[in-house]
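Structural overview for review
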Amino acid sequence: MAIVETLLEVRNITKTFDRVVRALDDVSIRVEKNEIVSVVGENGAGKSTLMKILVGVYQPDSGEMYHMGRKVPFPKNPLEALKRGISIVYQEKGVIPHLRVYQFLFLGLEEKFTRLGRLQLGKIISLAKSVFEELGIKCDLSSSMYELPLSMQKMIEIARAILNIKLMVGGEESNVTPIIILDEPTAPLSIEERDELFQYLLNLKKSNSFIFVSHIIPEVMMFSDRVYVLRDGKLVAHHDLRIEKISEEQLFREIVGRASYHELWVKYEAAKIREIDKKPIILSVRNLTKKGYYRDVSFDLHEGECVGLFGPAGCGKSEVARSLYGDISADSGKIIVNGKEIKLRSEPHTRVKVGIGYFSGETGKELLLFWPIRKNLSIVNFDKVTIKSLKVVSVISFRAEKSLAEKIIKKLRIKAPSIETECYSLSGGNKQKVSVGKWLEKSPRIMILEDPTIGIDVGAREDIYEALLEMKKNGISMILVSDDPKEYAILCDKIISMKDGVIQAVYTNEEFRKVIEL
Amino acid sequence: MAQTWFSREWLHRNLNTIIPVTGFILMVIALRITNPYFLASWDSVITLVYGMSWFLIAACGLTLVILMGSFDFSVPSVLKLSAMIFAVLYPSIGFSAILVSVLTGLTFGAVNGTLLARFNIPSFMATLATSMIAEGAAQVISGGYTRMITDPAFRAISTTMILGLPSIFYYAMLIWLISIFITFTTPFGRAVYAIGGNIVGTRLAGINVKKVRIMVFMICSMFASLAGILYASQIQGAHMQVGVLDMIPLFASVVVGGTALTGGIGGVHRTLLGVLIIRWLDSGLSMIAVDLNIRMIVFGAIAIVMTILTIDRRRIKIMK
Amino acid sequence: MKKNLEKVGVKSPIITSTWRLIRGNPAVWAILGLIVIFSAVVPDRFLSMSNLIAILKNFAVTSMLAIGPTFVILLGSIDVSYMGIWMFGGALVWLLYPYLGLFSIIIYPVFGLLVGLFNGIVHVKAKIPSFILTLAMTALLAFLTTYVRNISGVLTLTVPAYNFLRESPIPFLPSPFLLALPVILLALFLMFFTKLGTYFCAIGSNEEGAKLAGINVDRYKILAFTISGLLTGLGSIAIFVHLGCQTRVDFDPSELVRGLAAIVLGGTPLAGGMGGPHRTLLGALVYVLIFNGLFLLPGVDPNHLKLYIGTLLMGAVIVASKALKGASIT
């Protein structure tokens, strides 16, 4: 083993947002030469905040940074970080699809290859060729980025980050080892593509260091040298995998923590309907396939049952959910609601008509942020707020709308000055409550939930769980897709585990709790 | 949040109401000073009413489209085509020509809406293409000649006096009120605003976005064609210059009323004020012999300034 | 085959791009098809020398209208101020000729540049949709031109002193074409031999990604509008000469559509990120061939031009709309 040399170290970083939310609390990590360090944690554990501090997007409230043993100030912008040899490859949006490979590789670096106003294409291409040879990438330099497989795109992005550092750090410190931060690089990749990417990373490790941000445990275990675990902004564990041997389950428990959800489980037990299999089947999915995302997905959903689609990010679970709502369309298979087959290629409004509802945690996508709460709540409930006596035209009754809104606000404990408050001024949790609240009164037969509690605090989370459990108690069936295993344990009667777009196993709630050891 | 009624916040929020109202008052005062005949007699009022009524009908349709965040260039062309069809067909088939006219308008609206909703073509591009087709069709059916209709029944549609005001005024008001009613109190109207506000969320909330878009374009073109029919009756015929210079004033009157080009903000109720400002300013300026081209430049500049002021920048991430 | 391409790609991107352009562009097939059809149907009129020269002239005019805005369309925005720059630029040349003499033609590019810069700044800073902004600009300048004509009491804004430009030094190549050539070369240079082409494509393809790559997106957007204005200004000289050293004084929407149609026919998608001036040149050729051939056919009435143009534009955007799937279009 080479001599351990610390490249970068940050100590006691604390960062708060809006003076209240403590995103990072006294976190210290270090990166050594030629290693892959993983930073793992749930959504909202503070991983991305930490990375953004390292590359100069955010400034920490307190803390120290050491670079190659010297104390340095935190970088003020990405360019400063780049000059120190730190670069980041973002989870998405980093690739520019329509550029050719060599154009993308040198994007932003053209100044160094311009002479007399003329771009030296020959020089760029020969350099690109040698870079690719050195890094072992085999691809046609003049193809467009979007034509390449996703893993290749990721590899080129990493190559680009290294090249950026090499060219920005320049002559006098050319021996600097680049530190590349990879933000969830495997999320959109298939399993084969992931292996390809990791082989590539292991190869690059000889001359670079990586910070690998992820929440997919097996790959973290397999490829990283050390692991830092973040939970709720705190560093809860640090393992050197080269020395220690820990199990996946242990790491998982450290990531998830042991928060007390027993009260909610009691509620789950109370809401649970006995002998759910005897209830009528309300939705059956048969051999549903969407090329490149999932295949041969079949399951039944009984009245008042909640089925969870469980699996790592990119396993096709959210695509299944969105296909059921018609946001995207499946290629083949059958979706049967109440004994009636529905068209695969139909828009969400036809699904709403047969009694399907959809709720995602992405409030920015779902809500009309510049509308008052009242209107946001009634948009799916027009049948409830229109005046019935007028047969010819449907007219909204403002009184009915108001009472509907007040009812939902009270039920979900939405904290807002009035029903006329515009949604953008609400807090994240309250926005989410408005978003779920509009379905509360609609009472569809089937609710599809995608990350229903993403990025909100515990209190609001519990309110939403309660509302959902109550809906379930009233006989509404649900399909849940989430990143949080606890959510499945609280809400679901049946958990379908998926991997690479294929169903692997089906658990009951009790079995599932045992599997994830909660 | 402490809210005094006259704070910066309040001012900013109500900018798109304050500007048109003060603008209107200032304009009336200025016109009254520069032109002694402005609003001096009932006849001058009737002249102004004639000038704005058909225009208001077309502007109501355009407002609906802009509320959705789209744009319709074909309004003046469809207006011209409808006027032309009415004038050309009236001698042979009488008032059935109105039906043909309106159906043509609806067809154009359906094509516009379909190009946008089904083929994903930006509405300005789609309607630019259909407006050329409408212009061409008007040229084909008229042969480029002016059609005069001397039949008093033809003229009576819009010029019958009821309570001292011409009937076209009542039609315009009726259409205006119906549009307000639709946008404010029906689920359809809500959907129009919702599409302008957040089209992705609207689709996920289970609203048939494609249908609403097509219907709004059809309503817009139908209003344009009604405006064309009434205008033809008002001027006793139709010619190729009808509507040629109307796009800028139409657009100006919608945004001057306070409807934001990005959609979701404003409303048909505001368009009346916008139409009054633009049309009265137009007639006021032409009375003091301001060149037509200069008037157009003035309207264009007003439109752009109002667009800048009314656009809600909080919700724009990327502006193309 | 693939290996072969790879080799070519490493050797010279220009050859690959040209090969890709020809292979993957329906406009090329359209051009060949149109030439074959019209040569077969009306050979004597279509293939006559005078008609071929007319095609070249019209090609010069159409491509000069469309080539500048192509850079803005790469961004996914749109710039239709070319009509205004062309019309009012000519009026300025006419107005300033008594003072500047033959140098007054320089007004064209300078004016174009300024209008483009203004458009860019207002679009980026005030966040107005580019289409509405530039259309208002065109309308404003067009009305100003008509106004200048009206108050000056002349019928046309002609500057006869430039008549010498109408004589072409090279036989069979009309002077508008020769004047357009340097503009075309400049556009191709900017697109392929500077970083600008890459940057504009990057912004049009993924604006956030371009920002993450450290590109000053606002600055390059303004630059795209400025280049568009400058190229249109330069190109307007060719149109000015083509029209007999005068400018247009009445606004005609079909001229406006001409530029857009050439861009769309060339295969530069309205969503941005792809294409470029090379495609616009092909599009312009398709456009010119269609209308040149069409009016040679018996029974086609030139008075119905607008009908044909509208239908053509509609067809072209429907075909081109494939690239727009998934985006939320307004």
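Residues numbered from 1 in each chain as written. Chains lettered and ligands numbered in written order. Predicted model: local features only at pLDDT ≥ 70, side-chain atom pairs only at ≥ 80, totals over all residues.

**Regarding the overall build of chain B**
A count of helical and extended segments in chain B gives 14 helices and 4 strands. When the backbone C-alpha atoms are referred to their principal axes, chain B occupies close to 65 × 50 × 35 Å. Relative to its 320 residues, chain B shows a buried fraction of 56%. Residue pairs at least 24 apart in sequence account for 77% of intrachain contacts in chain B once pairs closer than 6 positions are excluded. (Helix = DSSP H or I, 4+ residues; strand = E, 2+ residues; numbered from the N terminus. Buried ≥ 20, exposed ≤ 12 C-beta atoms within 10 Å, placed from the backbone. Contact = placed C-beta atoms within 7 Å.)

**So, the overall build of chain A**
A tally of helices and strands in chain A yields 19 helices and 22 strands. Taken against the 2.2 N^0.38 rule, which gives 24 Å for 518 residues, the C-alpha radius of gyration of chain A at 26 Å falls within 12% of a compact globule. Judged by the C-alpha coordinates and their principal axes, chain A covers about 80 × 45 × 45 Å. Within the span of chain A, comprising 518 residues, buried residues form 46% of the whole. (Rg over C-alpha atoms; globule rule 2.2 N^0.38 Å.)

**Some details on the interface of chain C and chain B**
Across the contact, 40 residues belong to chain C and 43 residues belong to chain B. Among the secondary structure elements, those contributing two or more residues to the side of chain C that touches chain B are helix 8 (130-152), helix 13 (253-266) and helix 15 (305-320) of chain C. The greatest single-element share of the side of chain C that touches chain B, amounting to 12 residues, is contributed by helix 8 of chain C. Tallied by class, residues from the side of chain C that touches chain B come to 23 nonpolar, 13 polar and 4 charged. (Nonpolar A, V, L, I, M, F, W, Y, C, P; charged D, E, K, R; others polar.)

**Thoughts on the sheet that holds strand 15 (residues 306-310) of chain A**
Residues and elements named next belong to chain A. Spatial ordering of the open sheet is given by 18-19-20-15-21-22, a layout of 6 strands whose pairing is mixed. Looking at which strands have only one partner, the edges of the open sheet turn out to be strand 18 (356-360) and strand 22 (502-508). Sheet twist, expressed as the average angle between the axes of neighbouring strands with direction ignored, equals 20°. Alignment of strand 15 against strand 21 (residues 494-499), held across 4 bridges, turns out to be parallel. Opposite Phe-310, over in strand 21, you have Ser-497 as the bridge partner. Sheet contacts for helix 16 (residues 428-442): strand 18 and strand 19 (446-450); angle to strand 18, the most-contacted strand, approximately 165°. (Pairing = 2+ DSSP bridges. Axes fitted to C-alpha atoms, helices over the stretch in contact; angles between N-to-C directions.)

**Remarks on the nonpolar core**
Within soluble globular proteins, side chains that are nonpolar tend to cluster in buried spots. Grouped together as the largest cluster of nonpolar side chains are 357 residues, with contacts concentrated most on Ile-479 of chain A, Ile-57, Ala-58 and Phe-223 of chain B together with Ala-261 and Leu-313 of chain C. Here this core takes 17 residues from helix 11 (residues 209-234) of chain B, the largest share from any one element. With residues up to four places along the chain from it excluded, the contact list for Ile-57 of chain B reads Ala-172, Ile-175, Phe-223, Leu-226, Ala-227 and Leu-230 of chain B. (Core = buried A, V, L, I, M, F, W, Y, C linked by C-beta atoms within 7 Å.)

**Observations concerning the interface of chain A and chain B**
Contacts between the two partners involve 21 residues from chain A, matched on the other side by 17 residues from chain B. Elements represented by at least two residues in the side of chain A that touches chain B include exactly helix 11 (348-353) and helix 12 (363-366) of chain A. At 3 residues, the largest contribution of residues to the side of chain A that touches chain B is made by helix 11 of chain A. Taken together, the residues of the side of chain A that touches chain B break down into 13 nonpolar, 3 polar and 5 charged.

**Let's talk about the pairing of strand 14 (residues 294-302) of chain A**
The pairing of strand 13 (residues 281-290) of chain A with strand 14 of chain A spans 6 bridges and is antiparallel. Along strand 14 of chain A, the bridge assignment pairs Leu-288 of chain A with Val-297 of chain A.

**Observations concerning the sheet that holds strand 16 (residues 332-337) of chain A**
All names here are of chain A. Taking strand neighbours across the sheet as the criterion, the 4 strands line up as 14-13-16-17 in an open arrangement whose pairing is antiparallel. Both outer strands of the open sheet, strand 14 and strand 17 (340-342), are each paired with one neighbouring strand and no more. Ignoring which end each strand starts from, the neighbouring axes of this sheet average 20° apart. Where strand 16 lies against strand 17, 3 bridges are found, and the strand directions are antiparallel.

**Overview of helix 10 (residues 317-325) of chain A**
All names here are of chain A. In terms of burial, helix 10 is largely enclosed, as 9 of its 9 residues are buried. Within the sequence span of helix 10, burial applies to Lys-317, Ser-318, Glu-319, Val-320, Ala-321, Arg-322, Ser-323, Leu-324 and Tyr-325. A positive backbone phi angle near 90° is found at Gly-326, which sits one or two residues after helix 10.

**Observations regarding the pairing of strand 3 (residues 36-40) of chain A**
Residues and elements named next belong to chain A. A large share of strand 3 lies buried, amounting to 5 of its 5 residues. Residue alternation in strand 3 divides its side chains into two sets, Ile-36, Ser-38 and Val-40 and Val-37 and Val-39, and both sets are buried. Direction of pairing for strand 3 relative to strand 11 (residues 226-231): parallel, over a ladder of 4 bridges. Of the residues in strand 11, the one forming a bridge with Val-40 is Val-229.

**Comments concerning unusual backbone geometry**
In this model, Asn-12 of chain A sits at a positive phi of 50°, which is unusual for a non-glycine residue. By the element assignment, Asn-12 of chain A lies in strand 1 (residues 6-17). Residues other than glycine seldom take positive phi values, yet Gln-236 of chain B does so here, at roughly 60°.

**Here we look at the packing of helix 9 (residues 187-197) of chain B against helix 11 of chain B**
All names here are of chain B. Look at helix 9 against helix 11: their axes get within 10 Å of each other, and the N-to-C directions meet at 100°. One element, helix 9, and the other, helix 11, form an angle in the roughly perpendicular class. Contact residues: Phe-188, Ala-191, Val-192 and Ile-195 in helix 9; Val-209, Val-212, Arg-213 and Val-216 in helix 11. Its residues placed into classes, the contact of helix 9 with helix 11 shows 7 nonpolar, no polar and 1 charged. (Parallel < 35°, antiparallel > 145°, perpendicular 65-115°, else oblique.)

**Some remarks on the environment of Gly-90 of chain C**
All names here are of chain C. Here Gly-90 shows up in helix 6 (residues 82-100). Given 29 C-beta atoms within 10 Å, Gly-90 falls into the buried group. Along the sequence, Gly-90 and Ile-239 sit 149 residues apart, while their C-alpha atoms lie 9.8 Å from each other.

**Points about the confidence of the model for chain B**
Low pLDDT marks stretches whose predicted atomic positions should not be read closely. Per-residue confidence for chain B gives a mean pLDDT of 88, with 96% of residues at or over 70. The ipTM for the predicted assembly is 0.86, set against a pTM of 0.88. (pLDDT = per-residue confidence, 0-100.)

**Digging into the environment of Arg-190 of chain B**
Relative to the elements of secondary structure, Arg-190 of chain B occurs in helix 9. For Arg-190 of chain B and Gly-264 of chain B, which are 74 residues apart along the polypeptide, the C-alpha to C-alpha distance reads 9.7 Å.

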